[in-house]
Amino acid sequence: MTTHWTRLDSPLGPILLTADPDGTLTSLSLPGQKGGRSVREDWAHDPALFREAGEQLAAYFAHDLKEFSLPLRSEGTAFRERVWTALGSVPYGSTVSYGEIAARIGASRAAVRAVGTAIGANPLLVLRPCHRVIGADGSLVGYAAGLDRKRLLLDLEEAL
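Below you will find a few notes about this structure. This one's a predicted model, so the numbers in the text were calculated from it and none came from an experiment.

### Quick look at the nonpolar core
Move 1: The biggest cluster of nonpolar side chains holds 41 residues, and the ones touching the most others in it are Leu28, Leu57, Tyr60, Ile101, Ile119 and Val126.
Move 2: Counting residues per element, the ones that place at least two in this core are strand E2 (15-19), strand E3 (25-29), helix H1 (51-61), helix H2 (78-87), helix H3 (98-104), helix H4 (112-120) and helix H5 (147-156).
Move 3: Residue contacts for isoleucine 101: discarding those within four places in its chain leaves Val83, Ala86, Leu87, Val90, Val96, Val115, Ile119 and Val133.

### A closer look at unusual backbone geometry
Move 1: For histidine 63, which is not glycine, the phi dihedral falls at a positive 70 degrees.
Move 2: Structurally, histidine 63 can be placed in the loop between H1 and H2.
Move 3: In this structure, glutamate 158 is a non-glycine residue whose phi angle is positive, near 55 degrees.

### Observations regarding H5
Move 1: Within the sequence span of H5, burial applies to Arg149, Lys150, Leu153, Leu154 and Leu156. All buried residues of H5 lie within an arc of 160 degrees about the axis, which places them on one face of the element.
Move 2: Its buried side turned inward, H5 meets H1, H3 and strand E6 (133-134).
Move 3: At the C-terminal side of H5, glutamate 158 shows a positive phi close to 55 degrees.

### A look at the side chain of serine 27
Move 1: On the secondary structure map, serine 27 appears in strand E3.
Move 2: A distance of 2.5 Å separates a polar atom in the side chain of serine 27 from a polar atom in the side chain of threonine 18.
Move 3: Serine 27 has contacts with Leu16, Leu17, Thr18, Arg37, Pro123 and Leu124, leaving out every residue within four places of it along the chain.

### Topic: the pairing of strand E1 (residues 4-8)
Move 1: Pairing of E1 with E2 involves five bridges; the strand directions are antiparallel. Looking across to E2, one finds that histidine 4 is bridged to alanine 19.
Move 2: Here E1 hands over to E2 after six residues, with glycine 13 in that stretch at a positive phi of 110 degrees.
Move 3: Pairing between E1 and strand E4 (residues 44-45): two bridges, direction parallel. Residue pairing for E4: histidine 4 is matched across the bridge by alanine 44.

### Quick word on the sheet that holds E2
Move 1: Taken together, four strands build an open sheet; the order of strands is E3-E2-E1-E4 and the sheet is mixed. A strand with exactly one partner marks an edge of an open sheet, and here the two such strands are E3 and E4.
Move 2: With respect to the sheet, H1 is in contact with E1, E2 and E3, its orientation differing from that of E2 by roughly 145 degrees.

Cut-off values and rules
- Residues numbered from 1 in each chain as written.
- Predicted model: local features only at pLDDT ≥ 70, side-chain atom pairs only at ≥ 80, totals over all residues.
- Heavy atoms only, no water.
- Core = buried A, V, L, I, M, F, W, Y, C linked by side-chain atoms within 4.5 Å.
- Buried < 20%, exposed > 50% of the residue type's maximum accessible area, 1.4 Å probe, protein only.
- Helix = DSSP H or I, 4+ residues; strand = E, 2+ residues; numbered from the N terminus.
- Contact = heavy atoms within 4.5 Å.
- Arc of directions from axis to C-beta.
- Polar contact = N/O pair within 3.5 Å; in protein donor to acceptor, adjacent residues only side chain to side chain.
- Pairing = 2+ DSSP bridges.
- Axes fitted to C-alpha atoms, helices over the stretch in contact; angles between N-to-C directions.

See below:
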């Protein structure tokens, strides 16, 4: 299956979006992101396929959109998929701790580190709001695209 891609400008820097041929988004990556994707030669550049995603991201960054309604698909272990699904339940403008995400998926307190690892592997930054997960003490910890970007997103949502 061919991977389609485009780049969009954003307050976070250039966003790299990938999707499958029917337009289901498979990743959102930022420059310097730990585990982020890079364009490959066998990918198809197809900006038109991402028109709706671009409009929704622009509205989000303009404070006009609080919840994305885009088709998303990721591939991960069953545990990661549960964690990533739980991220989608964290409302705009709020934060939760890693322990709260563990509790939401029925994992033990001992699984908090594994939850953090799964969150760090989230391939759909911003769209699946891992930036809303903070330390139990309220500190900004762990964001694959850097804490400055995490702070920018939380400030945008007035969550801090």
